[in-house]
Amino acid sequence: MDRIDAVLHYWFGHVEETSLPSEHRTWVWFSGDPVVDAEIKEQFQEDFDKVVSGEHADWENTPRGNLALIIFLDQFSRRIHRDTMKAYAQDAKALDLCLRGIETQHDHMLSLMERAFFYFPLMHSESAEMQSLSLRAYEMLLSLSFPEVRPAFEKFLDHAIRHHEIISRFGRFPYRNKILGRVSTPAEEEFLKNAGTLFE
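To keep things clear, this report deals only with the structure shown in the data block.

Cut-offs used in this document
- Counting of residues starts from 1 at the beginning of each chain's written sequence and follows it residue by residue.
- Totals for whole chains, interfaces and linings use every residue, but because this is a predicted model, local features are given only for residues with pLDDT of at least 70 and side-chain atom pairs only at 80 or more, for both listing and counting.
- Side-chain figures throughout are based on the complete set of non-hydrogen atoms in the structure, without hydrogens or water.
- What is called the bend at a residue is the angle between a pair of axes, fitted to the seven residues leading up to and ending at it and to the seven starting from it.
- For helices the rule is a DSSP run of H or I covering at least 4 residues; for strands it is a run of E covering at least 2, with both sets numbered from the N terminus onward.
- Here the term buried applies to any residue with accessible area under 20% of the maximum for its type, exposed to any over 50%, and partly exposed to those in between, with areas from a 1.4 Å probe on protein chains only.
- Any pair of residues with heavy atoms lying within 4.5 Å of one another is described as a contacting pair.
- Pairs of N or O atoms within 3.5 Å make up the polar contacts considered here, provided that, within protein, one atom can donate a hydrogen while the other can accept it, and that residues adjacent in sequence are counted only when both atoms are side-chain atoms.
- Helix axes are fitted to C-alpha atoms over the stretch in contact, other axes to C-alpha atoms as well, and angles between N-to-C directions run from 0 to 180 degrees.
- An angle below 35 degrees is treated as roughly parallel, one above 145 as roughly antiparallel, one from 65 to 115 as roughly perpendicular, and anything else as oblique.
- A clockwise turn of the near helix away from the far one marks a right-handed crossing, whereas an anticlockwise turn of less than a right angle marks a left-handed crossing.
- Each residue gets one label: Ala, Val, Leu, Ile, Met, Phe, Trp, Tyr, Cys and Pro are nonpolar, Asp, Glu, Lys and Arg are charged, and the others, such as Gly, are polar.

Time to look at helix α3 (residues 34–53). Where α3 bends most, at Phe44, the angle is about 70°. Turning to α3, its buried residues number three or more, namely Val36, Asp37, Ile40, Phe44, Asp47, Phe48 and Val51. Taken together, the buried residues of α3 touch α1 (2–12), α2 (23–30) and α4 (63–80). Looking at where α3 begins, the residue whose side-chain oxygen comes 2.8 Å from the main-chain nitrogen of Val35 is Asp33. Looking one or two residues past α3, Gly54 carries a phi angle of roughly 90°, positive in sign.

Let us look at the packing of α3 against α4. It is the contact of α3 with α4, at a shortest axis distance of 10 Å, that shows an interaxial angle of 130°. As the angle between them shows, α3 and α4 are arranged oblique. In this structure, the crossing between α3 and α4 has a hand that is left-handed. Where α3 abuts α4, its residues Asp37, Ile40, Lys41, Phe44, Gln45, Asp47, Phe48, Val51 and Val52 lie against Leu69, Phe72, Leu73, Phe76, Ser77, Arg79 and Ile80. In the contact of α3 with α4, the residues fall into 10 nonpolar, two polar and four charged.

This is how it looks when you write it as structure tokens:
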């Protein structure tokens, strides 16, 4: 349990359900800063390897443990292996954990901010069905949020909408093509020229 607490404390800090995440917290989540990547590698590489090998499969039995597994496989994988094929290698496992957690209602036992990251594997999926489920999940979080935190959950929903639009248009995320050795279509190449800030 100590390592579950360690990863969740690192990722969420002292964010409470009724308070907006700090500027530092959003920087850790979304900046892509190499310093953050290095920090995650230093503190959690050993844990990450154990999660990938299945040594912490029992964490799935609790809501917080399930969330910790998803953070490792969906978020930390992208930072430990940034700009390589391995960044996405754990997406299927993360999605499976997310879906099973929804089925057992583990997500309902977490704070809204924790749930936002519990559902990220849906948003990262290249499946149209999962993208539709992602939209419903983030719409639900926004509807449940208090007025003081609505701006944060509006941003999460906007993020989900943008992912959904890309999958609806291309059936995949074009910005992953080069890393995954996929050939971009002319339409995807045009999109990448004008896409601005890309997702992970």
